[in-house]
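# Observations on the model geometry
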Amino acid sequence: MSVTSDYWPLVLDSLKEKVSSSNFKAWFSRVEFVSTTNRGRKITVAVPSDFNKKYIEKKLSKEFRESINKFYPQVIHIEYEVSKEEQEEMAPVQQILTLEESELEKMQQKEEKKDSSYLPGKSISNLNPKYTFDNFVITRSNELVANVANGVVKQLGTLYNPLFIHSSVGLGKTHLLQAVGGAVAEQNPSLNIKYLPAETFVNQFILSLQKKEAAKFREYYNSVDVLLIDDIQFIAGKESTQQIFFHLFNELHQQNKQIIITSDKPPKEILGMEERLVSRFEWGMVVDILKPDFEDRVAIIKDKVERMEILLNENQIEKIAKVIDTNVREIEGVLNKIKASMQMIPGRDFTNDDLIKILEGYQALNGATGYVSNNLGAPINPDKILQAVCKLFTLQKSDILGSSRQKDIALARQLTCWFYKNELDLSYPVIGKLLGGRDHTTIMHGCKKVDKLRETDQKMKEKIQLAKKFLQDS
Ligand code: ADP
Ligand code: MG
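What this report covers is the structure whose coordinates are included nearby. Since the structure is predicted, the reported quantities are computational estimates derived from the model, not experimental observations. Position numbers for residues count from 1 along each chain, tracking the sequence in the order it is written. Each chain takes a letter, starting from A, and each ligand takes a number, starting from 1, following the order in which they are written. With pLDDT at 70 or above as the cut-off, local features in this predicted model cover only qualifying residues; side-chain atom pairs require 80 or more to be listed or tallied, and sums for whole chains, interfaces and linings still use all residues. With hydrogens and water set aside, each side-chain value is computed from the structure's full complement of heavy atoms.

## Some words on the overall build of the protein
To be explicit about the condition: Secondary structure elements follow DSSP: runs of H or I no shorter than four residues count as helices, runs of E no shorter than two count as strands, and numbering proceeds from the N terminus. Only protein chains enter the accessibility calculation, which uses a 1.4 Å probe; a residue whose area is less than 20% of its type maximum is buried, one above 50% is exposed, and one in between is partly exposed. Here a residue-residue contact requires only that any non-hydrogen atoms of the pair lie within 4.5 Å. In this description, accessible areas are obtained by the Shrake-Rupley approach with a 1.4 Å probe, and a residue is regarded as covered only by the protein chains that are shown.
Along the protein, the regular secondary structure elements total 22 helices and 8 strands. Looking at the protein residue by residue over its 474 residues, the buried ones come to 47%. Summarising the internal contacts of the protein: among those between residues at least 6 apart in sequence, 73% fall at separations of at least 24. Entry remark: accessible area of the protein is about 24,300 Å², with carbon and sulfur atoms responsible for 51%.

Okay, structure coming up:
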């Protein structure tokens, strides 16, 4: 067989075996093959009505997917095309079945109870095509892990086994794990690849015990060729899961089956993880993903805005990178907000004010601590800052530059340091010089103090807001 559509009748035959004949007649008999795209990872099928599509998705998606994957093993994504002319009229047999839907549902549930539906079909890898090597931005903070992951794809099971990746949240562990899975699947579609969060593993294991199917569970995982376990820290403290996982690990490792594990901590630091597992996690390669620094964040944002088709200038990109200093997930969150807000104001330019509003709103809700400066291209200089602070405290410049230790003046001086640092990014020694030849440690101390007050002191927050306004108006 050469044409991909040739396999379609086989898919239908397989479905006939999986679902009742009335179900097949009602929902699959008129489903037609359209195309496979994205190197076989997406299949498009034509369905006679929207209702038909919804029904399959809601009630028969597992069977449908399994049958498709039997003959199109690379397929991850199924797309439905509703044939236009038939969209309105609903096939009579479907109308009848709609009435019987609740009945069908009951049957379905019974069937589900009978088989081991908690274990997805062998050909279902759970990979999300959204995560690829192609859209993973390589920076200094993840260069090593990206190289190692690439190496694993090329020398599966032998180069680094297991590969253990750890980092704090939102830095790309799941993305890389799935990217490896996707690349391996592309390279060798016949391999049995399984991606799953450790939490799913635990739940499946518990269900297998409840159903007295422990042997079946073991068999299922022993036949895996590539095991991708996400967030292993979840099995910490869970003794029987750890025990079963230990045996699975040994079984797969002995046969050179590739294992990749991710975690929020390095193996030794996962509390409640058995020592023998910890030592196995360290057998192969342990790598971490670091938090991206400012330049890394700029690179990531540039890549993402291009893919998302968001038009931002260099200043705005740097502003985002400066404020969202936590992780890539938060960067994506902000970019999504920006995109949505741009779509809400079609025809109008997305202004710096719009951006600042989004960043401030985002910061209020999330953990990012970077300072949101209003300074977007507007020329701000040390003198303007000094003026704004003087206005805020009703002081003279000479007060701030002088040596008085009066409380108000000292605070005004510290705030000036802080603005110099955060608005102008000046170094501590330079700030010291600008403020009448002060020592850089004094300046550093001043900046730290304001940083702390900003978090704890409402009055300080208001002062900063007001000073920013003065600055903007200056
Ligand atoms: P983790 O599993 O470490 O918590 P994820 O893999 O879920 O993090 O990453 C969070 C989000 O950030 C995902 O949408 C992912 O695609 C994206 N992401 C993380 N790192 C990168 C990167 N280097 N390049 C592109 N996107 C990334
Ligand atoms: Mg994750």
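Don't stop here, the text continues.
## Overview of the sheet that holds strand S8 (residues 285–288)
Strand pairing in a sheet takes place through backbone hydrogen bonds and is either antiparallel or parallel in direction. Stated formally: Two strands qualify as a pair provided DSSP detects at least 2 bridges between them. Axis definition: a line fitted to C-alpha atoms, limited for helices to the stretch in contact. Angles are taken between N-to-C directions and run from 0 to 180 degrees.
Taking strand neighbours across the sheet as the criterion, the 5 strands line up as S5-S6-S7-S4-S8 in an open arrangement whose pairing is parallel. A single partner strand is all that each edge strand has here, and the edge strands are strand S5 (193–197) and S8. In this sheet, adjacent strand axes meet at a mean angle of 15 degrees when their direction is disregarded. Here helix H9 (residues 198–210) sits on the sheet in contact with S5 and strand S6 (226–230), set at roughly 95 degrees to S5.

## Notes on the sheet that holds strand S3 (residues 77–82)
The strand order across the open sheet built from 3 strands is S1-S2-S3, with neighbouring strands paired in mixed fashion. Looking at which strands have only one partner, the edges of the open sheet turn out to be strand S1 (32–37) and S3. In this sheet, neighbouring strand axes are inclined to one another by 25 degrees on average, regardless of whether the strands run parallel or antiparallel. One ladder, built from 5 bridges, connects S1 with strand S2 (residues 42–47); its direction is antiparallel. Paired with Phe 33 across the strands is Val 45, a residue of S2. Packing against the sheet, helix H3 (residues 50–59) makes contact with S2 and S3, and its axis sits at approximately 160 degrees to S3.

## Considering the packing of H9 against helix H11 (residues 239–254)
The test is simple: By the definition adopted for this analysis, an angle is roughly parallel if under 35 degrees, roughly antiparallel if over 145, roughly perpendicular if from 65 to 115, and oblique otherwise.
Contact pair H9 / H11: the axes reach a minimum separation of 10 Å and the direction vectors enclose 100 degrees. Considered as vectors, H9 and H11 are oriented roughly perpendicular to each other. Each of Phe 201, Val 202 and Phe 205 in H9 lies in contact with H11, whose residues at this interface are Ser 240, Thr 241, Ile 244, Phe 245 and Leu 248.

## Points about the packing of H9 against helix H10 (residues 214–222)
Two quantities define a packed helix pair, namely the angle between the helix axes and the distance between the axes. Short version of the rule: All amino acids are sorted into three groups, where Ala, Val, Leu, Ile, Met, Phe, Trp, Tyr, Cys and Pro are nonpolar, Asp, Glu, Lys and Arg are charged, and the leftover types, Gly among them, are polar.
The interhelical angle for the contact between H9 and H10, taken along N-to-C directions, is 145 degrees, at an axis separation of 7 Å. Between H9 and H10, the residues in contact are Phe 201, Gln 204, Phe 205, Ser 208 and Leu 209 and Ala 214, Phe 217 and Tyr 221, respectively. Split by residue class, the contact of H9 with H10 holds 6 nonpolar, 2 polar and no charged.

## Concerning the nonpolar core
This is how the line gets drawn: Take the buried Ala, Val, Leu, Ile, Met, Phe, Trp, Tyr and Cys residues and link them wherever side-chain atoms come within 4.5 Å; each set so joined is a nonpolar core.
Formed by 30 residues in total, the largest nonpolar core has its most connected members in Phe 393, Ile 400, Leu 415, Phe 419 and Leu 435. Residues in contact with Leu 435, not counting those within four places in the same chain, are Leu 386, Ile 400, Leu 401, Arg 413, Thr 416, Cys 417, Tyr 420 and Ile 443. Core analysis: the next-biggest nonpolar cluster, separate from the first, contains 29 residues, Tyr 221, Ile 244, Leu 252 and Ile 270 among them.

## Describing unusual backbone geometry
Between Asn 161 and the following residue, Pro 162, the backbone shows a cis peptide bond with an omega angle of 0 degrees. Of note in the backbone geometry, Asn 38 takes a positive phi value of approximately 55 degrees without being a glycine. For Asn 38, a relative accessible area of 48% puts it in the partly exposed group. Despite not being glycine, Asn 126 shows a phi value in the positive range, around 65 degrees. By the secondary structure assignment, Asn 126 is in the loop between helix H6 (101–114) and helix H7 (143–154).

## Quick notes on the side chain of Thr 416
The condition that has to hold: Polar contacts, as used here, are pairs of N or O atoms within 3.5 Å; protein pairs need one atom able to donate a hydrogen and one able to accept it. Residues neighboring in sequence count only if both atoms are side-chain atoms.
Within the secondary structure layout, Thr 416 lies in helix H19 (residues 407–424). Reaching out from Thr 416, the side chain makes a polar contact with the backbone oxygen of Ala 412 at a distance of 2.7 Å. Apart from residues no more than four positions distant in its own chain, Thr 416 is found in contact with Ile 385, Leu 386, Val 389, Ile 400 and Leu 435.

## Details of the pairing of strand S4 (residues 163–166)
The side-chain alternation of S4 yields two buried faces, one formed by Leu 163 and Ile 165 and the other by Phe 164 and His 166. In terms of strand pairing, S4 meets S8 through 4 bridges, oriented parallel. Considered in S8, the bridge of Ile 165 is made with Val 287.

## Side note on the environment of Lys 122
Of note, Lys 122 is situated in the loop between H6 and H7. Judged by relative accessible area, which is 58%, Lys 122 ranks as exposed. For Lys 122 and Glu 66, which are 56 residues apart along the polypeptide, the C-alpha to C-alpha distance reads 8.3 Å. Dropping the residues within four chain positions of it, Lys 122 is found in contact with Asn 192 and Lys 194.

## Considering the side chain of His 166
With respect to the helices, strands and loops of the structure, His 166 is situated in strand S4. When neighbours within four sequence positions are excluded, His 166 is seen to be in contact with Lys 173, Ser 263, Lys 265, Pro 266, Val 286, Val 287, Asp 288 and Ile 289.

## Points about the packing of aromatic side chains
The following threshold applies: Aromatic pairing here means that ring centres of Phe, Tyr or Trp (its six-membered ring) are within 6.5 Å. Orientation follows from the plane angle: under 30 degrees is stacked, over 60 is edge-to-face, and everything else is tilted. Only when the NZ of Lys or the CZ of Arg is both within 6 Å of the ring centre and within 35 degrees of the ring normal is a charge said to sit over the ring.
Taken as a whole, this structure holds 21 aromatic pairs when the rule is applied. Between the aromatic rings of Phe 201 and Phe 245, the centroid separation amounts to 5.6 Å while the plane-to-plane angle is 85 degrees, which identifies the pairing as edge-to-face. Here Phe 201, found in helix H9, pairs with Phe 245, found in helix H11; they are 44 residues apart in sequence, far enough to count as distant. Like Phe 245, Phe 201 is buried. Three or more aromatic residues joined by ring pairs make a cluster, and in this case those are Phe 164, Phe 201, Phe 205, Phe 217, Tyr 220, Tyr 221, Phe 245, Phe 249, Phe 281 and Trp 283. Over the aromatic face of Phe 234 sits the side chain of Lys 238, whose NZ or CZ is 4.3 Å from the ring centroid. When the ring centre of Tyr 428 is taken as origin, the NZ or CZ atom of Lys 421, which lies over that ring, is 4.6 Å away.

## What about H3?
Note the following rule: What the arc measures is the spread of directions leading from the helix axis to the C-beta atoms.
Taken as a whole, H3 has its buried residues at Asn 52, Tyr 55, Ile 56 and Lys 59. Projected onto a plane normal to the axis of H3, the buried residues spread over an arc of 100 degrees and lie on a single side.

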